[in-house]
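Each chain, written out:
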Amino acid sequence: MADVINTENEDLQAQIEEIEALSSIYGEEWCVIDEAARIFCIKICNGLEKPKLTACLQIILPHEYPSTSPPIYQINAAWLRGSERAKLANSLEDLYVENMGESILYLWVEKVREFLVERSQSAETVDQPEKVNMTAEEDVEDDTQVPDIRTFSDSAEESHLYAERVNDEELPPIKHGESITDRRSTFQPHLAPVVSPRQVKMILEKLYENKKIASATHNIYAYRIYCEDKHSFLQDCEDDGETAAGGRLLHLLQILDVRNVMVVVSRWYGGILLGPDRFKHINNCARNILVEEGYAASTDESSKAGGKSRRPKNKRTK
């Protein structure tokens, strides 16, 4: 019985984190229809002027999602009929099977966007949108597969993975983003490229040299480092007293699939409780600086790109 309750709590927490991340990524495109009933929708377009295709993906999250049940969904698009609707539905279901037990809404949204772009391009080629024959092959690069993700633990084996790299001893450049203020609380993001746990510690030490940052009520952070030799990630996060904030921030980095980067969000508490809005501001801060520094595409760029790749652009650390 205790195991069932724990699983339900884990599912609910995963849903909350996923919804917060998607709201941060898609902005006004993401809509909460009934939060209590876990009903949401997102408007998706192909990002092209002509022919412009849109679809609305409505989603209901069962209590058992993501551990054992898929989302219940409905695709609303007047132009989508017959074999095309079946093809898209099958592709969404295949994605769920391939990533069973994981949060998959982001993958679904981008798969629908990719479908819209392919449909538009095929329609332009034959000039008969209602009679387009979809190709069987998907233009997906090998590296779009879901990576083998594991959490970094400060063991002796992992701590020297990058010991031979000269860059380990160099302090990476730290960027500071625009702050967000709400009811006297202020949130400011900081970002730096990282390729080793040693650099993570160096960045934190450098940030804390700044008296203003050191005096923040919370300095929440998360990072992801890609190990090419093992095809896996070193990743970790820190709440710094803001319960669950670090995990939510790391979840955002995972959804955006950014790598070799660390994001710190400083919060100065203004004396007024913000409730769940504080998590929204933390994720929005992080999202903004990732876009500014080229680690992720903006919502507009993502739409224009047409979902050809589910991976946002990443800067590479030399």
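Here is what the cut-offs are and how they apply
Residues numbered from 1 in each chain as written. Predicted model: local features only at pLDDT ≥ 70, side-chain atom pairs only at ≥ 80, totals over all residues. Heavy atoms only, no water. UniProt positions renumbered as here; feature names shortened; annotations may be inferred. Buried < 20%, exposed > 50% of the residue type's maximum accessible area, 1.4 Å probe, protein only. Helix = DSSP H or I, 4+ residues; strand = E, 2+ residues; numbered from the N terminus. Pairing = 2+ DSSP bridges. Axes fitted to C-alpha atoms, helices over the stretch in contact; angles between N-to-C directions. Core = buried A, V, L, I, M, F, W, Y, C linked by side-chain atoms within 4.5 Å. Domains from an automatic or database assignment. Contact = heavy atoms within 4.5 Å. Left-handed = near helix turned anticlockwise from the far one by under 90°. Nonpolar A, V, L, I, M, F, W, Y, C, P; charged D, E, K, R; others polar.

- The protein carries the name RWD domain-containing protein in an unreviewed UniProt entry, which gives Takifugu bimaculatus as its organism.
- Of the comments in the UniProt record for the protein, the one headed Subunit (unreviewed entry) reads "Interacts with GCN1; prevents the interaction of GCN1 with EIF2AK4/GCN2 and inhibits EIF2AK4/GCN2 kinase activity. Interaction with RPL39; this interaction occurs in a GCN1-independent manner. Associates with ribosomes; this interaction occurs in a GCN1-independent manner. Associates with actin; this interaction occurs in a GCN1-independent manner."
- Database annotation for the protein, UniProt heading Sequence similarities (unreviewed entry): "Belongs to the IMPACT family."

**Digging into the pairing of strand 2 (residues 39–45)**
Then step 1. The buried fraction of strand 2 amounts to six of the seven residues, a majority that puts the element mostly inside the structure.
Then step 2. With four bridges connecting them, strand 1 (residues 30–34) and strand 2 associate as antiparallel partners. Residue pairing in the sheet places Val32 in a bridge with Phe40 of strand 2.
Then step 3. Hairpin remark: strand 1 followed by strand 2, antiparallel, with four residues in the connecting loop; positive phi at Arg38, about 60°.
Then step 4. Sheet analysis places strand 2 next to strand 3 (residues 54–60), joined by seven bridges and oriented antiparallel.

**Some points on the sheet that holds strand 3**
Then step 1. The four strands are arranged 1-2-3-4 in an open sheet whose pairing can be described as antiparallel. Here the strands that pair on one side only, and so sit at the sheet edges, are strand 1 and strand 4 (72–76). Mean inter-strand twist for the sheet, computed between neighbouring axes without regard to direction, equals 20°.

**Section: the nonpolar core**
Then step 1. Ranked by internal contacts, the top residues of the largest apolar core, which has 56 residues, are Tyr26, Trp30, Leu57, Leu105, Trp108, Val263 and Leu290.
Then step 2. A total of eight residues in this core trace back to one element, the largest contributor, which is helix 3 (residues 105–126).
Then step 3. Shared between two domains, this core takes at least three residues from each, and those domains are domain 1 (1–121) and domain 2 (175–293).
Then step 4. For Leu290, the residues in contact, after removing those within four places along its chain, are Leu191, Leu253, Leu256, Val258, Val261, Val263, Tyr295 and Ala296.
Then step 5. Judged by nonpolar contacts, the second largest core, of 15 residues, contains Ile174, Tyr221, Cys227 and Leu234.

**Quick look at the packing of helix 7 (residues 245–256) against helix 8 (residues 277–292)**
Then step 1. Look at helix 7 against helix 8: their axes get within 10 Å of each other, and the N-to-C directions meet at 35°. Note on packing geometry: the crossing formed by helix 7 with helix 8 is right-handed. Across from Ala245, Arg248, Leu249, Leu252, Leu253 and Leu256 in helix 7, the residues of helix 8 making contact are Phe279, Ile282, Asn283, Ala286, Arg287 and Leu290.
Then step 2. Considered class by class, the residues forming the contact of helix 7 with helix 8 number nine nonpolar, one polar and two charged.

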